[in-house]
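# Secondary and tertiary structure notes
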Amino acid sequence: MLAIDFLLNGHYRITVALDAYPDAGLYRAIDQRSSLRVLITALPQPNQAAVDDVLQLARELAQIQMPGLLALRDYFVLDQVCYLVADDPGGSDLERFARERGSPLPESETLAIVDRLLMVLDRLHHHQPPLLLGDLRTCDLWSSPEGGLSLAPFACVRHIGAETTPYRAPELYDHSVEPAQVSDIYAIGAVLYHLLTGWPPPPANQRQSGVPLNSPRALNPQVSVLAEQLTLRALEIKPANRYQRASEMRSALETVRLMAGRPMGATAPIEKPVVPSATVSAAPPSPTAIATAAPATTLPPAPPPTTTAAPAAGVAAPTAPSRPLISTSCLLAIVGGLAVVAVGVCVLLAVLVGLYMTNASLFGLPGNTVATQSTVAPAPTTTEAPAVDLLQQVNAITQTAQLREDSLGAAAYSPDGLLVAVAVGAAIQLRDASSFLVQATLSGHEGDVSSLAFSPDGAILASGAQDDPVVRLWDTGTGREIAQLRGHSDWIRSLAFSPDGRLLASASVDQTIRIWEVTSGQTTAILRGHTDLPGNVAFSPDGQRLASASRDGTARLWDVSSGQQIDTFRFSAPVDPATNAPFWLTGIAFSGDNRQLAVGSVNGNVYLLDAKTGNVQRELRGHDGWVVIRGIAYSPDGRLLASASLDGSVRLWSPTSGAERGVLRQRGLRLLGLSWSPDGTRILSSSDMGGNLVIWDVNSTQVLQSFQVTQGVVTGVRYSPDGRRLVASGANGAVRVHMLDSGRTTSLDGGAATAQYIDFIGDSEVVAISEAGEIVTIDLTGSRPNEQLSGMNGFPLNLTISPDRSIIAVGNEQGEVYLWETSSRQFLRRLSGLSGPIYSLAFSANGAYLAAVTNQPADAPQIAVWEMARGGQPQILRGHNGPVTSLIFVNNLLLSASSDGLLRVRDVTRNNNEVLQIEVPQNWGWFTSLAVPPDRALLIAGTISGHLLFYHLDDGTLLREIDLADHGAILAVAVTSDGTQLAVSTRDEGILLFDLMPDR
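Residues numbered from 1 in each chain as written. Predicted model: local features only at pLDDT ≥ 70, side-chain atom pairs only at ≥ 80, totals over all residues. Heavy atoms only, no water.

### Things to note about the overall build of the protein chain
In plain terms, the rule: Secondary structure elements follow DSSP: runs of H or I of four or more residues count as helices, runs of E of two or more count as strands, with numbering from the N terminus. The buried label goes to any residue with under 20% of its type's maximum accessible area, the exposed label to any with over 50%, and the partly exposed label to all in between, with areas taken from a 1.4 Å probe on protein chains only. We call two residues in contact when some of their heavy atoms are within 4.5 Å.
Helix and strand content of the protein chain: 11 helices and 67 strands. Classification of the 1000 residues of the protein chain by burial places 61% in the buried group. For the protein chain, the proportion of contacts with a sequence separation of at least 24, taken over those separated by at least 6, is 52%.

Rendered as structure tokens:
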């Protein structure tokens, strides 16, 4: 190390020794020639060749001058030590910068910082030769008094170190692997994680050994869903799963920065009959579809409070923050749609998504393992009922209904670009392509619409559906059905019109392809040969040939006039080593010049084939998930090929060179397909998980418009006090209020999408946190205007209502809980005592206690328990070593479940002594949600693996397991106040309703 005041190279006076590593030293110094402050790194080199390499890189770096990159001012060698001199911005390095701020940075500030770093990264990567960060360290990022962070150039010349760091990509722990652009993406993702959460991620080598990466929203619930997904994608262990270029990540980041509040309001009720389904058995019940709700329309915003309630005696009322009222605009509507996109990946739960992504092994086959438990101390008796009676009651529990919105399906532009056809459940909506207002609804299919195709003149729309072997033809002008084409013995997977509109091809699950004469409705040919389900079909531009792809791994070419397969064309997909069979083929399309075929596969690749022989011209790689059946299409001018995938992206390719021309990304949510606008400037994509349609600008790869069609994934369920209404809250902020007695639905939009952002304060009134941070009461009957509660500082994250509905409790990002009187809306008082954001809140049954949890830090969450009559400082409970996922009271017992796989039961009247533990077997993951019926003898728990478990609460005995793994993870459970009905929210199949007392 150089001594303080040492004069280096004759004019750099060392002022501070900042850091010392085995391979580098870092100093602050004064350039005595100019009196400027500089940063200097000392890099010892083993030989002259290494010295020459460093000097060459330094020469390249000195050429780059741009904001966000500290300029390299000088470089020299003394005694085989290379010294690099860069501007000193006068602030702190990354670690000290984050620590000095004392808490995670606001998301907007963080995204601005990372955007600038990505801009620098993009410039470095585009330099010839490319300049790479490789082994980023905290001392490579520096703040300035004006704010922000800048990159020091030192990492670009430093070798990979021997010590572990949170910012080094996992592949670089193998010293035979050279740094690459994608490894730099990981480094910036780690910086993003650090700034958003206040904690650096675990080093990648530890993650590979099993240390979980906690989701950003588990550490900081104020992080938006899209920002979390941006971060987690950049931190994927596999390089292929990350953003591949800095420009790609910048594009995704820019979309996240557009997020803004959406209005919260109610809509008119919509008829929605509830249809009973089969009793739960060993096999999951068949889904019972419920008619879709119409698009939500918003109630007027809440008026500003006219009075400020007096605080409780002895408690100072905080000053109400000034916030804009709930409002909307065109931009916010677009951004709202983007938020909807983020519901997929059940990514959207604050704790569940990130943990799921880093613990995928938990989703193995559950087998017949029974949950184990250890009783720490005898639990207080909670019921007089004999255990045998409880077991009989549990075994008689049956599923009675499924509340499931009609799923969003295929979407396609009409040839003139004026209409968009959208499949919504069993219906088809014809929407204006500009306003997206529904012009007509086409009904008639028995199952969910699976395929759509416009005739070349746009006058006819053909449709096929699941569980329906009939192809239906519709007059797009009148919306009337004009023909039914019958002949298939099973449902329709894909449709295509011939270029002249005279013929229609349909591919069916019956493994045949039929060619129909549109005018007469007669079959002109039946094409047989595929040995598994067909994918898409496509006519050649001259109409003489038909191409088809199939799950049998082959693409085939057919002569349209004779119906015979063309034997000179052959293509089979590569063999999947896992099955020893060819990968399935999905989408297929002809190029406009009739010379090329593009075929998609479930391996994520697109194959460009010679349209005469089937010989592979190019193999396009980039997707991480299946290329979907409706996911291959050439642009109208033939210059681009678009491919859509379950990985949530549309990729644009050059059909001639195979080069990737752009990526349109849906934030990791699976896409169902794409459609080009007739002028080739836009692409329409649909996502069933996101429940929305997105229009992309092809040139800029930016989102032009986004429209929410369905709710998407439900992450919370709450019953009204009388049990007649059920609130289903989505991770996208969309809410459905189900009137269970009539089957009608009311829609609300614009919630905060945190763990608990809406609850009932009466049978027909709710309180919710809007995305803009207002706490709003909403009368579901529409008889009273919305009211906004005042008196809270900070951003509200979660709320709950006392059992007697007299108190509203809301927790914020500062670890505080604010209380209001429900009837008067008067602010009562503030409770403090937690040091991190409130993740969940729970009142005891008698309202005497209030518990709140913070998951910061994630490996040592804290639970605060306040005695309501006394107030003051709470008792802080610890013990879990993973984020708490659910918190409820049962009488005076406090139950907390965690991602550490444990459920802990504590008696708050006995100094919070732990009286029971229940451990989840590893292959079931962890408890995601808890509920207890009023008799308080039965504990109902959902798991991340999709298992619904019923325990005897006295001793933790597992009474029954219902396997709902086919429905996806269980995200929330709720029980009616009379204990007769259970609602279970699943990731993939909506809400399942169970009768808890079938023998009553």
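From this point, the discussion proceeds with the structure in view.
### Quick word on the sheet that holds strand E48 (residues 787–788)
Here is the rule: Any two strands are treated as partners once DSSP identifies two or more bridges connecting them.
On the basis of which strands lie adjacent, the open sheet formed by 4 strands has the order E45-E46-E47-E48 and antiparallel pairing. The strands lining the two open edges of the sheet, one partner per strand, are strand E45 (758–762) and E48.

### So, the environment of Ser720
Quick note on the threshold: The definition of a polar contact used here is a pair of N or O atoms within 3.5 Å, where within protein one atom must be able to donate a hydrogen and the other to accept one, and adjacent residues in sequence count solely through side-chain atom pairs.
Mapped onto the elements of the fold, Ser720 is located in the loop between strand E41 (714–719) and strand E42 (725–730). By relative accessible area, which is 2% here, Ser720 ends up buried. Those residues in contact with Ser720, other than ones at most four positions away along the chain, are Arg725, Phe760, Gly762 and Asp763. A polar contact is formed between the side chain of Ser720 and the backbone nitrogen of Arg724, at a distance of 3.4 Å.

### Comments concerning the environment of His967
Within the fold, His967 resides in the loop between strand E64 (957–963) and strand E65 (970–975). With a relative accessible area of 3%, His967 lands in the buried category. Put simply, His967 and Ser985 are 18 residues apart on the chain and 9.4 Å apart in space, counted from C-alpha to C-alpha.

### Concerning the packing of aromatic side chains
Rules: Only rings of Phe, Tyr and Trp enter the pairing, Trp through its six-membered ring, and a pair is recorded when the two centres are within 6.5 Å. The plane angle decides the type: under 30 degrees is stacked, over 60 is edge-to-face, the rest tilted.
One pass over the full model with this rule turns up 8 aromatic pairs. Taken together, a centroid distance of 6.1 Å and an interplanar angle of 5° make the contact between Tyr12 and Phe76 stacked. Here the residue Tyr12 occupies a position in strand E2 (residues 12–21), and Phe76 occupies one in strand E5 (residues 72–78), the gap between them amounting to 64 residues. Relative accessible area serves as the criterion here: at 1%, Tyr12 is assigned to the buried category. Centroid distance Phe571 to Tyr607: 5.4 Å. Interplanar angle 50°. Geometry classified as tilted. In this pair, Phe571 is assigned in strand E26 (residues 571–572) and Tyr607 in strand E31 (residues 606–610), connecting sequence segments 36 residues apart. In this structure, Phe571 and Tyr607 share a single accessibility class: buried.

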